[in-house]
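# Structural overview for review
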Amino acid sequence: MVIENVKPKFWVEKERLNSKIVDCLTVILRTSGCYWAKKNGCLMCNYIADAYPSTYDELVNQIEFAMSNKNFQILKIFTSGSFFDTKEVPEGFREYVYSKAYELGIKKLIVESRPEFITSKIVDELSALKFEVEVGIGLETANDFVREYCINKGFKFKDFERAAKLLKGKARVKAYLLLKPPFLSEREAIEDAINSTLKIKNLVDVVSLNPTNVQSKTYIEKLWKLKLYRPPWLWSVIEVLKQVSKEVDIISDPVAAGKIRGPHNCGRCDKDVAKAIKEFSLHKDISVLDVECECKALWEKILELEDYSRIPLVK
Ligand code: SF4
Ligand SMILES: [Zn+2]
């Protein structure tokens, strides 16, 4: 069999493991891609552009390549889809990942999946492992209306709830929440993220707040090009973190922070504000979020006035 020399994306970064900061290897494997993206797809996502139908051997190759000569205690295996979907990740590959992680003595494995692939069989499989497993699920919002009409996610809150309850106590549950789906004002987006966090706080172990970035060839990009969408302000990320950090373990690692297509402020403070958000996520010290810039007053005005010019989408 010919094995294509397909390379995954990978990098080592710092992550929190209980109270320690350790090295984490993140590997984004090239798989055939998320089935939902092929069928319909979420309005902000174009991960499918990187899809490649890797065989079992090609996936093993990608992992071996990414892992060579590296030390890490946490391993994140992302597929830009669902690790537990056997149409995307060939049968047997999960077992290979588990045995590799065991052999390397890693402390924690993090994977991602849509809720429909989380079954009792999968949960039994995870409970038998000798290291901690965390499963990330892209809930995006706890509001079914916003998830359906502003994101086109293709599942309901009850689907997430079922999966989270199955996993709870057997594996760690991480929910991804999307800060500022299209069609929400800045204020509505903040409220949606806060309400969603509070609604799921007893179902999850950690919330990852993902401010929207404008990926190419997406529906959101069309809106953005027509000036009908602006990615969230970094002040909004800080606002959500401050409001809910006492209630739940919450982290955020904004992608493309400070860039025009990513969450941004005025341009002058973006670097410092993004750094503060990362510092908070790593060390859990709320005081690092006390950053200031003149543009904060403009953001406050937007929260106050933006809704007057439009019909509120969410009551
Ligand atoms: S956001 Fe997730 S579920 Fe939606 S299309 Fe992209 S990979 Fe699939
Ligand atoms: Zn600023």
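One structure accompanies this document, and this report is about it. (Residues numbered from 1 in each chain as written. Chains lettered and ligands numbered in written order. Predicted model: local features only at pLDDT ≥ 70, side-chain atom pairs only at ≥ 80, totals over all residues. Heavy atoms only, no water.)

### A closer look at the sheet that holds strand S1 (residues 9-17)
Put simply, the rule reads: Two strands are counted as paired when DSSP detects at least two bridges linking them. Strands here are runs of E lasting at least two residues and helices are runs of H or I lasting at least four, both read from the DSSP assignment and numbered beginning at the N terminus. Only heavy atoms matter for contacts: two residues are in contact if any of them lie within 4.5 Å across the pair. Between N-to-C directions, angles cover 0 to 180 degrees, with each direction set by a line fitted to C-alpha atoms, over the stretch in contact for helices.
Across the sheet, which stays open at both edges, the eight strands sit in the order S1-S2-S3-S4-S5-S6-S7-S8 with mixed pairing between neighbours. Each edge of the sheet is formed by a strand with only one pairing partner; in this case those strands are S1 and strand S8 (250-251). Contacts from helix H6 (residues 157-167) reach strand S5 (132-140) and strand S6 (172-179) within the one sheet, and its direction differs from that of S5 by about 170°. Of the strands in this sheet, S1, strand S2 (20-28) and S8 are in contact with helix H10 (residues 270-283), which crosses S1 at around 60°.

### Comments concerning the packing of aromatic side chains
Rules: Classification of ring pairs uses Phe, Tyr and Trp, with its six-membered ring standing for Trp, and accepts pairs whose centres are within 6.5 Å; under 30 degrees between planes counts as stacked, over 60 as edge-to-face, and the remaining range as tilted. Only protein chains enter the area calculation, which uses a 1.4 Å probe; residues under 20% of their type maximum are buried, those over 50% are exposed, and those in between are partly exposed. For a lysine, the NZ atom is tested; for an arginine, the CZ atom; a charge sits over a ring if that atom is within 6 Å of the ring centre and within 35 degrees of the ring normal.
Overall, the coordinates contain ten aromatic pairs when judged by the stated rule. Ring centres of Phe83 and Phe84 lie 5.5 Å apart, and the angle between their planes is 70°; this geometry places the pair in the edge-to-face category. Phe83 sits in the buried class, given a relative accessible area of 1%. Given a relative accessible area of 4%, Phe84 falls into the buried group. Between the aromatic rings of Phe83 and Tyr98, the centroid separation amounts to 6.5 Å while the plane-to-plane angle is 65°, which identifies the pairing as edge-to-face. Here Tyr98 lies in helix H3 (residues 93-104) and Phe83 lies in the loop between strand S3 (74-78) and H3, a separation of 15 residues in the sequence. An aromatic cluster is defined as three or more aromatic residues linked by ring pairs; in this entry it consists of Tyr56, Phe93 and Tyr96. Here the guanidinium or amino end of Lys7 rests over the ring plane of Phe65, the centre of that ring lying 4.6 Å away.

Functional significance is not addressed by these values, which are geometric in nature.
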